[in-house]
Amino acid sequence: MQNKGAIVFLAITLALVSLYQLSFTAATYKVKKDARIYANGDLSRELNYIDSIASLTKEEWNYLGFTFRECQAKEINLGLDLKGGMNVILEIAEEDVVMALSNNSSDRNFIEALRIAKERRKESQAEFLVLFQRAFEELDPNARLAAIFATPELKEKVNFNTTNEEVIRVIEAESQVAIDNGFNILRTRIDRFGVVQPNISRLEGRGRILIELPGVKDPQRVRDLLQGTASLEFWVTYENSEILPFLSQANDALREIIKVQQSQSSQAAADTPSGGVAQADTAAVTGTESLLDLIARESTDTTASGTLQEFSQQNPLFSVLRPNVSEDGRSFEGSVIGLAHYRDTAKVNRYLAMNQLRAIFPRDLKFFWSHDPFKYDDAKTFYELHAIRVTTRNGLAPLDGSVITSARPSTGITGSDIKVDMSMNSEGAKEWALITGNNIGKCIAVVLDGYVRSAPRVSTEIRGGNSEISGDFTLEEAEDLANILKSGKLPAPARIVQDTVVGPSLGKEAISAGLKSFLLAFLVVLAYMVFYYSHRGGLVADIALLSNMFFMMGVLASLNAVLTLPGIAGIVLTLGMAVDANVLIYERIKEELRAGKGVKLAVADGYRNAYSAIIDGNVTTLLTGVVLYVFGTGPIKGFATTLVIGIITSLFSAIFITRIIYDTMLKRNSTLTFSIKATENFLKNTRINFIGLRKTFYVVSAIIFILSIASLFTRGLSQGIDFTGGRTFIVKFDQPVATTEVASALGEVFESNPQVVTYGSDNQVKIMTKYKVDEPGIDSEVEELLYRGLTDLLPAGLSMEEFLEDYRVGSETVGPTIALDIKIKALWAVGISLLVMFFYIFARFRNWQFGLGAIASLVHDTIVVLGIYSIAYGFLPFSLDIDQSFIAAILTVIGYSVNDTVIVFDRIREYRGLYRKRPLSEVMNMALNSTLSRTLNTSFTTLIVLFAIFIFGGEVIRGFIFALLIGIGVGTYSSLFVATPIVYNTLGKRELLIREKEGEKEKK
């Protein structure tokens, strides 16, 4: 084996990297396990324990030089279906941007053109602005868009002589700026939800943004915050020294309030058997929740020392809000009046909102927290509190982001003094000159969505609207601030077109089911390899499979990939398919041994002869995975990621690691065996006349194909909301329920009966409705109607909040626009996959007939799987909806089927070269019979894996796995009885002509 040293080095390096990456997951798992032991079932104590570790610096806690928060960022990500949370697709609608750019014009033709374009876009893939211009000109061919868009904001780009085409180009450019700014704003907003690994990315659709928030428990807050328009404001501030005396007074007042409450509580305990009435009186005194209860309930350190407890009692405000002063008590300059741990910010807010404390501070004082953690806090857990001064009569900011025309980072001569250059329009320049002139020496706070992003100090009056903002920035910080300033121009809100809520209970069930199916399938595959290829050959193959699993998880961790339940299915499926490479190698070695070669030569030739089939088979599946990744979103992307990584690592493990092991064993003269007596000659002496039976199987395939087409045209398919648009809810009851009863109860509130199916157990249902799917922003209304309709089936006295938390396991909303996009993407994905397969096979086998045979086989498999779904939906006890997961299954079937077909073709190509004078039908029959053992072995192993997932993998992916089971069965059949016979029929005449010409040449 050549380059053995390099391969050993690569394997060791890959193993060390995988071990390093996976060690972060182990480190965070240990902390979480310790937290569960410490909490003993108390969730708040468990979270406090983890928070306390997360707040430690590197000097106090670190793993390989990383803090706990940094380790969490490097651990294996769990997707929404495993962890619970929310998946949101937002769209910054171009019609809203166009309306805003027109200054909300009331022109009738303009408004009607917007309406028509919006309706037409549901059935068209054309750009919205193209549809809008077309509709506008249809309504009035002589109308000019310049009359509508010659606004003060666009006066430099649009005048009354500007043509409609030029106006559209301006609007398109402004829309793109708005969409880019919207992305920047949403990226900053998702940091507020407290999730460890949020994800935000742009989708291909114009203005589409995908946001994934694992662990989110308040979906409505997410919807409200993400859909709001940006609020960029400039505020005048107080100096820290001006507010510090008031803070001291507030701290003293808070101490006295607590003492009064303690006295009242003691008196109440002495005077009454029960503290209920006294408790109410105490709350009435302060006009808010009892501070004693607040402190007892929200204490951040239950094991604090006596000294710390005494300080907290004497300084209740300063114990959670550290004044911004030096060690000798002098106040620092600036608008920051204090710092608080992120766990204490809510408590500080409640303290400062108390009527007794609010009366101490100036009436024009407001408090805003910083968006980013304190710069000099290594643990990134403390946030600054800024003192804002209200200078307007209406209480609004004196200047907002609508006046910003441009912003960009800049550097000084040395390149070290990084600033942000900002320009304003004429109106903003006048107000900015007034604000800066009246506040020289003070800070101006730049506030986005209620959080301070920067608070630069004014050194002089700024005229002309051109300013420099300095603040000891890094280049990245300056770029972020510039983007935020530009984002103040966002004229339209982002609308949610799809959101999926996954409850944590579903996540726990998914994890349990996924792990069970994975472990069972893995053990079955390991045992089968030992059984079929003897203890030595089987154990070496098992080492390769274990190495593959280890490498795969290490690569997933290093890429920060998200592991979803379909992702787990992809891993298990990859393990089943990884057997194929070992099977090909072993079957080749066995052929060489039967030919009389020695073990050492048989191993070398077996590997060499198997390379072609292994590479061709895996590359075709790899191409399918790439197409799946490009066209998929969310869980499908996770499936594709694990599939692609698994194919690469399985190739490395099966080809190189096993070869190194065998070379080492051969050097030690170890006895090698690759079969047991029962399997030694299994399917090796078959003489099946596949080509002779082709017409019979043509008829069988034609009947199945026609039945499938007939069912597709008559019954159709059960399209999921991915393809139709609508809302889906998964509800779990305490007792089994009848789906008809649920549908009838909800029909009264949803105006028509929704589709209801049993989902998993008898007490869990999946509810699908198209109720007001076109209307955005009514999610809370629909959830309330769902609760109201199911009230009679729920426990008495159950509140809506309890229902949403404990009984609504998950929900999903898909708008009709995105549903159309998904249909188009699905067709593109399947079409491109078929095209890629054809050209690859054509390039490898140098005959278009092989490409035709493979494509015909794939079309056959796809139609048959669709037909079975069409015939079976409504009869089987699990969902057979056609959705994104089903498209993933179809593409996987395509990849697997072509893998099977290519390996047969590879043997045909080899035999055509070896037996040039034999009839083509004989050559093809020999090839098919010689690969029969490998075909059935791989199919059997993969089907075992899929059956394990189907049985134990849970309801979430049962329909997905059903498609794979049918597809792999049909794919195995078609590679034997469809693909090769079609190649024979199309290649046979050409082959006869070539051989006749060769015979005539020999005669001459």
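K.L.:
Let's hear about the nonpolar core: which residues, and what values?
P.N.:
Within the largest apolar cluster, 115 residues are counted, with the highest numbers of intra-cluster contacts made by Tyr-586, Tyr-662, Phe-886 and Phe-905. For this core, the element with the most residues is helix α19 (residues 504–558), which contributes 17 residues. Ignoring any residue separated from it by four or fewer positions in sequence, one finds Phe-905 in contact with Ile-841, Phe-845, Phe-850, Ala-854, Ala-979, Thr-980 and Val-983. If you look at the next biggest cluster of nonpolar residues, it comprises 41 residues, including Ile-92, Ala-113, Ile-211 and Val-222.

K.L.:
I'd like a description of the pairing of strand β20 (residues 764–769), backed by residues and values.
P.N.:
The side chains of a regular strand alternate, residue by residue, between the two faces of the sheet. Along β20, 6 of the 6 residues are buried, which leaves the element largely enclosed by surrounding structure. Both faces of β20 are covered, namely the face carrying Gln-764, Lys-766 and Met-768 and the face carrying Val-765, Ile-767 and Thr-769. As paired elements, strand β18 (residues 726–732) and β20 share 6 bridges and run antiparallel to each other. Looking at β20, one finds that Val-731 is bridged to Val-765.

K.L.:
Go over the packing of aromatic side chains with me, naming the residues and quoting the values.
P.N.:
If you walk through the whole model with that rule in mind, you get 33 aromatic pairs. Relative to Phe-803, the ring of Tyr-787 has its centre 5.8 Å away and its plane inclined at 45 degrees; by these criteria the two rings are tilted. Within this pair, whereas Tyr-787 is found in helix α26 (residues 779–789), its partner Phe-803 is found in helix α27 (residues 800–807), the two being separated by 16 residues in sequence. In this structure, Tyr-787 and Phe-803 share a single accessibility class: buried. The interplanar angle of 85 degrees and the centroid separation of 5.5 Å between the aromatic rings of Tyr-911 and Tyr-915 together place this pair among those described as edge-to-face. The exposure class assigned to Tyr-911 is buried, which follows from its relative accessible area of 12%. Judged by its relative accessible area of 26%, Tyr-915 falls in the partly exposed class. Against the face of Tyr-238 rests Arg-389, its NZ or CZ located 4.2 Å from the ring centre. Lying over the aromatic face of Tyr-607, Arg-659 brings its terminal NZ or CZ to 5.1 Å of the ring centre.

K.L.:
Can you break down the pattern of salt bridges residue by residue, with the values?
P.N.:
Two side chains with opposite charge may pair up if their charged atoms get near one another. Tallied over the full model, the rule gives 26 salt bridges. One salt bridge connects Arg-608 with Asp-605, and the closest N-O pair in it is separated by 2.4 Å. Of this pair, Arg-608 and Asp-605 are both found in helix α21 (residues 599–631), 3 residues apart, which corresponds to roughly one turn of the helix. The class of Arg-608 is partly exposed, set by a relative accessible area of 49%. Here Arg-907 and Glu-910 are joined by a salt bridge, their closest N and O atoms 3.7 Å apart. Placement of both Arg-907 and Glu-910 in helix α30 (residues 884–914) is noted, with a separation of 3 residues, approximately one turn of the helix. For Glu-910, a relative accessible area of 26% translates into the label partly exposed. A single salt-bridge network, built from bridges that share partners, covers Arg-588, Glu-591, Arg-907 and Glu-910.

The rules we used
- Residues numbered from 1 in each chain as written.
- Predicted model: local features only at pLDDT ≥ 70, side-chain atom pairs only at ≥ 80, totals over all residues.
- Heavy atoms only, no water.
- Core = buried A, V, L, I, M, F, W, Y, C linked by side-chain atoms within 4.5 Å.
- Buried < 20%, exposed > 50% of the residue type's maximum accessible area, 1.4 Å probe, protein only.
- Helix = DSSP H or I, 4+ residues; strand = E, 2+ residues; numbered from the N terminus.
- Contact = heavy atoms within 4.5 Å.
- Pairing = 2+ DSSP bridges.
- Phe/Tyr/Trp six-rings, centres within 6.5 Å; stacked < 30°, edge-to-face > 60°.
- Lys NZ or Arg CZ within 6 Å of the ring centre and 35° of its normal.
- Salt bridge = Lys/Arg side-chain N within 4 Å of Asp/Glu carboxyl O.

Nothing here speaks to function; it is geometry throughout.
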